[in-house]
Amino acid sequence: MDLTLGPIQFFWEAPRIRDFYARIADEAPVARVVLGELVCSKRLPFWQGEIPVAVERLKAAGKEVWLTSLALVTLKRERQLTEELVDAGVGVEISDLTTLAYLPKGTPFSVSPLINVYNIGTLDWLAERGAKRICLPNELPLASAAKLAAAGAERGVAVEVWGFGRQPLAISGRCYHARLHNRSKDSCQFICNADPDGREVDTLDGERFLAVNGVQTLSAATSFAGGEIGALAAAQVSALRLSPQTGNMVALAREFEAAIAAGKAGPALEAAARAAAPGGQLANGYLRGHAGAEWAPA
Amino acid sequence: MELVCPAGTPAALRAAVEAGAHSVYCGFADETNARNFPGLNFSRPELAEGVAFAHRHGAKVLVAINTFPRAGDEAIWHRAVADAEKAGVDAVILADIGLLAHAAKHHPKLRRNLSVQAAAANADVINFYAREFGVSRVVLPRVLTVAEIAAINRETEVETEVFVFGGLCVMAEGRCSLSSYATGQSPNMNGVCSPASEVEYVQEGAQLAARLGNFTIHRVGASEPAPYPTLCKGCFTSGDETGHIFEDAVSLNATELLPQLKKAGVTALKIEGRQRSRSYVAQVVRSFRAAVDALEAGRPMPTSALAALSEGQASTTGAYAKTWR
Amino acid sequence: MTALPTLAPPLSRLAGLLPKPPASVALTLLARRIAARHPEIVSRLGYHAGATFALDPTDLPVVMVLTLPGGVPRIRLQKDDAGTDCRISGKLSALFALVHGAVDGDALFFSRDLVIAGDTAAALALRNAIDNAELDIMEELQHLAPPLARALRPVVALLERQTGVALHRASGVN
C-alpha cells in the first residue's frame, strides 16, 4: 500500500500552490499526485500557470502525476477544457464521466472518488475501457471496498481508499459561497478564496457539521482511515488518498508511510491527522458502515 | 409533451393514469430504486397488474432501478431489470454504468432511460451514454438552465426529460452523500435521502425541532410550516449567517416555463413525488395535463392552484433560471 | 388546504364519555374487517407491522392505539399515547381525510394539520399502506355484522357532517 495525494479541492492562491507542490515534491513520501482544478472552472485562470510547473517538479522528484477533470461539466467552456485535458500528455483522472467521451478507448486513466464505482460490474466496465486506478466513493463501507479491491487486483486495477481529508459530499450548480455573500454565481468575486479549508457550516445547536467550498459541499470533520490501515492492506487496497488541507501534509504523509510500513497506526499518526485537520475534528464512520460523521477511536 | 408521473403505490398508479398521465414511473419495493421508503412501491405481481392497467388506458410504465448495486449483490439489481422486462414495462430507468452495460447486453430490447441519478449534464456525456449503452432518453439533472437544456437538445438525438414539479434536489443527483454522512444511508446505496427511520421531531417548548441522525436540521415555531428534515433544505449557521444555506424549504414548480421547455426541445415533463398520496398525484397530474393540452393546442396556460401541495408552501423555478445559482 | 373543521364540543365530550371497552371492540372489528378485505395494508407495513401506533384525534379526549399482533389489527382506546412507538395526531377530520385518501399526508404535515412524533418511518409506512388501500369507510361498514354496522352508521354519518369529509366515495378514485 502506498500514498496518493489528491487534488487541492479549495481555491488557493497561486503562490501557496507553488510552495505546496514544491514541498510535496521534495519532502512528502507520496507515490503519486493528482492535481488540477476539480471544483470550479472559474478558478482555473488564477492558477493555471502553476500546473505545468508543478507537474515538472513532481515528475522530476519521481512522483507519478495525474491531472483531474472537473467534477461537474456543464458549460461549453468546461467541455472544451475537459477535451483539452485529454491531450495534455499527462494521465487523466476522471471526476466526471464526460471525460470518457473524449478519451479513446484503451487510453489508461484514473477514476476519482466522485465517480460512482459501487460494484464489480462498473469496475469491470471501467477496467475494460482503460481504468488503471480507482479511488472508491467515500461512503462505501469496508466490506464493499474489500470486494472491489479484490476484483481490482484480479484485473490489474489499483483500488484506492480515502485516507485523509474533508470529504467531498456533494457538487451543485449553485455556489454556496456566493449565496452566503448574497452574490450570484456569475458575480461571485471569487469569494471562496477566503476559506482555504472551506467555510464551516454548523447546526443550529452549534455542532460542526459541513463545510462549503464554492459549488462543493464537504464534511466539516476530516475523514481519517488511520485506524483501518491494517484491514485495508489485508483487503488488497493498494493506496490511501490524502486530500490537501492547509495543515502540514508532509508531516502527515510521513506518519502515514510509517504506519503503512508497521501495518498499523500508532498515536503519532492520529496526532498528525488531528494537527492537519481543520478544528482537529476527525471522522471514520463510513468505513465502518455507519454515518460518515461518526468517530470511533481505533 | 409527454407527462411522466409518479406512482409510489398501485393506487397512485391508477390515480395518475385516470388523471391523464401519459407515463407513470415506479419502482420495486426494495433498495433497487431511489424512493425506497416505508410502505411504498411495487411487488412483482403489483407491477404486472399496474402495467396491464396502464396499457389498457394507453399509458406507459417506466421502472426506476436507479440506485447503485452493492458489490457482491449485483444479482438483486439484475433480477429487477429482468423482472421489469417480464412485467412488460415500457422502459427501465438506470443510473449505474455496470447495470447499464448489463441491461444493454442481456436485455437489448428493453428500452433504457438514463436516470437523473447519473447526473448527465452536457451533450457530450449524454451522447456517450447513448453510444456505449444505447440509452433512448436522459432525465436531466436539476442543475441546468432552460438555455442550457435547449443547447443540449441541439446537440443530441437522445430524448430529454426534465423535472417540472415537486421536491427539488439542490445538488447534482447521484453525486450527493450528505444523507449518508448524517445517517449512514444514502440515495446511491440505499435508495433513501434523509430517511424517515433517522428522523425525529422533538417538541422543545413552543418550538418543534427536526433531527436527522444526531443533527438538528431545523427548528420552527408553532405557527410555521414544518418541512420534512431533508438535509439540504435545513437551517444552519455559517459565520454570521443563519438560515437555509443550501436551499430554502421550497419545491419546484416550472409550470410557467412549460412553453420555454417545449421550445427548448424537451420530450417529457416529469413530476416528482412517489412518496406522495394518490390524491396529490391525481391533483397535480390533472393540473399538468390541462396545462400540457393547452400548450399543445396553442391556448393560454391555465393558472395552477398547486401551491398548497408544495413543501413549505413556497415554490421556485430552481436552476432553470440562471439567478438560482 | 382549506381549514379543516374541528369537532363540535358536544360530540367531542360525548366521545369522551363513551365506554372505552365496547368502543374498542367495535373499532377492532372494523379494523379487522378492513385488514381482511385489504391484506396489502399489512403486507405493505412490512416489519413496521410490529410497531404500536397512536392515532390521536386532537379534538377528542381519546387516543386510538393500533397494534397488529400476527398481522391482525387490534384497536384500544386510551387516554394518552403511553406505551406507543409513534403518534399521528391531528383533528379527527384530518385523520379521517387521510384514511380516506381525500388529502395528501405530506401537505397536511407541512401545514402542521398533522403532527408525527416518535418512529417516523412506522408512521409513514402506515400512511402509505392506508393510502394505497383506497378505503371507503361507509363501504367497509357494510361488510361488518349487520347489528354493528347499524350501530356505527349513524355515528359515521354524524362524523361526516361534523368533519366535512366525505366518507363515502361516489365512484373511482378521488
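The structure presented is a predicted model; accordingly, all values stated were derived computationally and were not measured.

S.K.: How do you make sense of the environment of A:Lys132 when you look at a structure like this?
M.R.: All names here are of chain A. Turning to its location among the elements, Lys132 is positioned in strand S6 (residues 131-135). Counting along the chain gives 75 residues from Lys132 to Arg57, while the straight-line C-alpha distance between them is 23 Å. Not counting chain neighbours up to four residues away, the residues in contact with Lys132 comprise Pro108, Phe109, Ser110, Val157 and Ala158.

S.K.: For this particular structure, what's the right way to read the UniProt feature "binding site: [4Fe-4S] cluster" (unreviewed entry) in chain A?
M.R.: Residues and elements named next belong to chain A. If you check UniProt for "binding site: [4Fe-4S] cluster" (unreviewed entry), the listed places come out as Cys40, Cys175, Cys188 and Cys192 in our numbering. The annotated residues occupy 153 residues of the chain but converge on a single region, no pair of C-alpha atoms lying more than 11.6 Å apart. Its location among the elements puts Cys40 in the loop between strand S2 (32-35) and helix H2 (44-47). Cys40 gets classed as buried once you count the C-beta atoms within 10 Å, which come to 23. Residues contacting Cys40, with those up to four places away along its chain left out, are Gly214 and Val215. Residue placement: Cys188 occurs in the loop between helix H7 (176-180) and strand S8 (199-202). Discounting residues that sit within four places of it in the chain, Cys188 has contacts with Cys175, His177, Ala178 and Arg183.

S.K.: What am I meant to see in the interface of chain A and chain B here?
M.R.: Many analyses report the size of an interface as the accessible area lost when the parts associate. Tallying the contact residues gives 50 residues for chain A and 52 residues for chain B. For the side of chain A that touches chain B, the secondary structure elements donating two or more residues are helix H5 (120-129), helix H6 (142-155), strand S7 (158-171), H7, S8 and strand S10 (216-224) of chain A. Top contributing element to the side of chain A that touches chain B by residue count: H5(A), with five residues. Tallied by class, residues from the side of chain A that touches chain B come to 21 nonpolar, 18 polar and 11 charged.

S.K.: Help me out: how do you make sense of the sheet that holds strand S8 (residues 199-204) of chain B in this one?
M.R.: In any sheet, the strands associate via hydrogen bonds between backbone groups, in a parallel or an antiparallel arrangement. All names here are of chain B. Taken together, three strands build an open sheet; the order of strands is S8-S9-S10 and the sheet is antiparallel. One side of each edge strand has no neighbouring strand; the edge strands of this open sheet are S8 and strand S10 (215-220). Sheet twist, expressed as the average angle between the axes of neighbouring strands with direction ignored, equals 25°. Note: S8 against strand S9 (residues 207-212), six bridges, orientation antiparallel.

S.K.: I keep staring at H5(A) and nothing clicks. Help me out?
M.R.: Since there are 3.6 residues in each turn of an α-helix, residues three or four apart along the chain are aligned in direction. Turning to H5(A), its buried residues are A:Ile120, A:Gly121, A:Thr122, A:Leu123, A:Trp125 and A:Leu126. Remark: A:Gly130 follows H5(A) within two positions and exhibits a positive phi of approximately 130°.

S.K.: For this particular structure, what's the right way to read the pairing of S7(A)?
M.R.: One face of the sheet, then the other: side chains in a regular strand alternate in exactly this way. Residue and element names in this part refer to chain A. Burial analysis of S7 places 14 of its 14 residues in the buried class, the great majority of the element. As paired strands, S6 and S7 are joined by three bridges and run parallel to one another. Bridging from a neighbouring strand, Arg133 pairs with Ala158 of S7. Bridging between S7 and strand S11 (residues 239-242) involves four bridges; their strand directions are parallel. Paired with Trp162 across the strands is Arg241, a residue of S11.

S.K.: I would appreciate a short explanation of the packing of helix H1 (residues 10-18) of chain B against helix H10 (residues 278-297) of chain B in the present structure.
M.R.: All names here are of chain B. Axis separation between H1 and H10 bottoms out at 8 Å; the angle between their running directions is 20°. Comparing their axes, H10 and H1 come out roughly parallel. For the element pair H1 and H10, the recorded crossing hand is right-handed. In this structure, H1 uses Ala11, Ala12, Ala15 and Ala16 to contact H10, whose residues at the interface are Arg278, Val281, Ala282 and Val285. Of the residues contributing to the contact of H1 with H10, the split by class is seven nonpolar, no polar and one charged.

Rules behind the numbers
Residues numbered from 1 in each chain as written. Chains lettered and ligands numbered in written order. Predicted model: local features only at pLDDT ≥ 70, side-chain atom pairs only at ≥ 80, totals over all residues. Helix = DSSP H or I, 4+ residues; strand = E, 2+ residues; numbered from the N terminus. Contact = placed C-beta atoms within 7 Å. UniProt positions renumbered as here; feature names shortened; annotations may be inferred. Buried ≥ 20, exposed ≤ 12 C-beta atoms within 10 Å, placed from the backbone. Nonpolar A, V, L, I, M, F, W, Y, C, P; charged D, E, K, R; others polar. Pairing = 2+ DSSP bridges. Axes fitted to C-alpha atoms, helices over the stretch in contact; angles between N-to-C directions. Parallel < 35°, antiparallel > 145°, perpendicular 65-115°, else oblique. Left-handed = near helix turned anticlockwise from the far one by under 90°.

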